[in-house]
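Residue-level structure breakdown
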Amino acid sequence: MADFRSKADVPFLIILAMSFGMCLVVVTAKLERFAHSPHRRDGSLIFLVVGDWGRRGAFNQSQVAFQMGRIGENLDVDFIISTGDNFYDDGLMGEHDTAFEESFTKIYTAMSLQRQWYSVLGNHDYRGDVEAQLSPVLRKIDSRWLCLRSFIVNAEIAEIFFVDTTPFVDMYFNDPEGHTYDWRGISSRKDYIGNLLMDLETVLRESTANWKIVVGHHAIRSVGHHGDTTELVEQLLPILQDNNVDFYLNGHDHCLEHISDQSSDIQFFTSGAGSKAWRGDTKGLNRDNLKFFYDGQGFMSVQLWQDVLQILFYDVHGKVLHRWSTSKQPHLAI
Ligand SMILES: *[C@@H]1O[C@H](CO)[C@@H](O)[C@H](O)[C@H]1NC(C)=O
């Protein structure tokens, strides 16, 4: 009969405990973290947000890029966030796909946009070679580029959590249109999503930043063509609500929109209007909590001070379409 308290088992139990502890460390260390200090003396943070753009300049991509350059200069932005669908129609074919330079390097040419770009993947990116889009080879071609699946940017007054949302969406695992997706990095979808949500919950809970921002490609709430993403409403939204996230940024619907959460202070901002737009099939424009919706091209800016947040949406001419701001007490250092 086995005696669990026998001396011979003790080293085994220690090893078991140690490896369990190490597993926990590995799991929580998975979200790579980047530090990006704002460059203004007052510590304020300013960035632009654009999504769904890479079409070699077509569908007003170049016009949006030009206005981003102009507004980016006025605001003196720290960086640019891309909400995904970076390269149409099917992501990149490889590390040396010319679409990278033709849709990115040669389009966003303004001086003010020669800053770091932080990008997530969209469903169209998953239709190409995902590993290529994540590859450091692209950073050698254009040092502004940084695209990872899920990661964190610590910008002092704000912490920004980038989430890989495509694997959440059931439809892509049995695509009615027959598209194929590059799931090489996601051997077990269930584990991938489970670990990601667990990691995200931990880092959000531990964050002491004054502003907590989450970025994904797919909308949680939208009245555009695709509407709400039910998988994210069910699995991601509760974590954001429980951890005082200020706002969620996404693309996917080719529009600009602002919706408030019904049961928390979270704001949902869609900036997915970097090129092709004007889909014309919006629904639910009378939805409660819909603050703004624009079907055409454009982008948004985010300005954060310790106690104030200001969001602006711009159209293809650089005209401000919607402005929203809020304030809160700054965190006191403990
Ligand atoms: C480009 O933008 C203008 C102004 O909003 C719009 O009238 C035009 O339809 C857009 N072109 C395309 C191809 O979307």
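In the block above lies the structure referred to throughout.
From a predicted model like this one, the values you see are computed outputs, not experimental measurements. (Residues numbered from 1 in each chain as written. Predicted model: local features only at pLDDT ≥ 70, side-chain atom pairs only at ≥ 80, totals over all residues. Heavy atoms only, no water.)

**Comments concerning the overall build of the chain**
The secondary structure content of the chain amounts to eight helices and 14 strands. Relative to the compact-globule value of 20 Å for 334 residues, the chain shows a C-alpha radius of gyration of 21 Å, a close match. Expressed along its principal axes, the backbone C-alpha trace of the chain runs to roughly 80 × 50 × 45 Å. Taken across its 334 residues, the chain has 56% of its residues classed as buried. (Helix = DSSP H or I, 4+ residues; strand = E, 2+ residues; numbered from the N terminus. Rg over C-alpha atoms; globule rule 2.2 N^0.38 Å. Buried < 20%, exposed > 50% of the residue type's maximum accessible area, 1.4 Å probe, protein only.)

**Thoughts on the packing of aromatic side chains**
A full pass over the atoms with the stated rule returns 29 aromatic pairs. With centroids separated by 4.2 Å and ring planes inclined at 0°, the aromatic side chains of Phe151 and Phe162 adopt a geometry described as stacked. Taken as a pair, Phe151 in strand 5 (residues 151-155) and Phe162 in strand 6 (residues 158-162) lie far apart in primary sequence, 11 residues in all. In this pair, the class of Phe151 matches that of Phe162, namely buried. Here the aromatic rings of Phe173 and Trp183 are separated by 4.2 Å at their centres, their planes lie at 10°, and the arrangement is stacked. (Phe/Tyr/Trp six-rings, centres within 6.5 Å; stacked < 30°, edge-to-face > 60°.)

**Considerations on the pattern of salt bridges**
In a structure, side chains of opposite charge can pair up when their charged atoms sit close to one another. Here the structure, examined in full by the defined rule, presents 16 salt bridges. Among the ionic pairs, Arg115 bridges to Asp76, the shortest N-O distance being 3.5 Å. Residue Arg115 is located in the loop between helix 3 (99-105) and strand 4 (116-119), and its partner Asp76 is located in the loop between helix 2 (61-75) and strand 3 (79-82); the two are separated by 39 residues in the primary sequence. Residue classification places Arg115 among the partly exposed positions, given a relative accessible area of 27%. Residue Arg279 pairs with Asp281 through a salt bridge whose shortest N-O separation is 3.7 Å. Residues joined in a network through salt bridges with shared partners are Arg40, Asp76, Asp78 and Arg115. (Salt bridge = Lys/Arg side-chain N within 4 Å of Asp/Glu carboxyl O.)

**Thoughts on the pairing of strand 7 (residues 211-215)**
By the criterion of burial, strand 7 is predominantly enclosed, with five of the five residues buried. Going residue by residue along strand 7, you find Trp211, Ile213 and Val215 tucked away on one face and Lys212 and Val214 tucked away on the opposite face as well. As defined by bridge partners, strand 6 adjoins strand 7 across five bridges and the pair is classed as parallel. When the bridges of strand 7 are listed, Glu159 appears paired with Lys212. Between strand 6 and its parallel partner strand 7, the chain crosses via helix 6 (residues 189-206), and the hand of that crossover is right-handed. (Pairing = 2+ DSSP bridges. Right-handed = clockwise from strand over helix to strand, strands pointing away.)

**Concerning helix 2**
For helix 2, which comprises 15 residues, the first-to-last C-alpha distance of 21 Å matches the rise-based estimate of 21 Å (1.5 Å per residue) to within 8%. Along its buried surface, helix 2 packs onto strand 2 (45-50), strand 3, helix 3, strand 4, strand 12 (298-304) and strand 13 (308-315). In the stretch just after helix 2, Asp76 is the one whose phi turns positive, near 55°. (Expected span 1.5 Å × (residues − 1). Contact = heavy atoms within 4.5 Å.)

**Regarding unusual backbone geometry**
Asp89 follows Tyr88 through a cis peptide bond whose omega is -10°. Considering the arrangement of structural elements, one finds Asp89 in the loop between strand 3 and helix 3. Here Phe59, not a glycine, exhibits a phi torsion of approximately 55°, which is positive. Within the secondary structure, Phe59 sits in the loop between strand 2 and helix 2. Overall, the relative accessible area of 45% leaves Phe59 in the partly exposed class. Despite not being glycine, Asp85 has its phi angle at roughly 55°, a positive value. Here Asp85 is to be found in the loop between strand 3 and helix 3.

**Observations regarding the pairing of strand 11 (residues 290-294)**
With four of five residues buried, strand 11 lies mostly within the body of the structure. Relative to strand 11, strand 9 (residues 256-260) runs antiparallel, the two being bridged by four bridges. Along strand 11, the bridge assignment pairs His258 with Phe292.

**Quick word on the site of the ligand**
Around the ligand, the surrounding shell consists of Phe59, Asn60, Trp278, Gln297, Val316 and His317. With respect to the ligand, the side chain of Asn60 contributes an N or O atom lying 2.3 Å from an oxygen atom. Gln297 places a polar side-chain atom, nitrogen or oxygen, 3.0 Å from an oxygen atom of the ligand. Residue classes in the shell around the ligand are distributed as three nonpolar, three polar and no charged. (Near = heavy atom within 4 Å. Polar contact = N/O pair within 3.5 Å; in protein donor to acceptor, adjacent residues only side chain to side chain. Nonpolar A, V, L, I, M, F, W, Y, C, P; charged D, E, K, R; others polar.)

**Things to note about the side chain of Asp142**
If you trace the backbone, Asp142 turns up in the loop between helix 5 (136-141) and strand 5. What Asp142 contacts, discounting residues up to four positions off in sequence, is Phe100, Phe104 and Thr105.

**Describing helix 6**
In this model, helix 6 (18 residues) spans 26 Å end to end at C-alpha, consistent with the 26 Å of a helix rising 1.5 Å per residue. Inspection of helix 6 places Tyr192, Ile193, Leu196, Leu197, Asp199, Leu200, Thr202, Val203 and Leu204 among the buried residues, and these make up the whole buried set.

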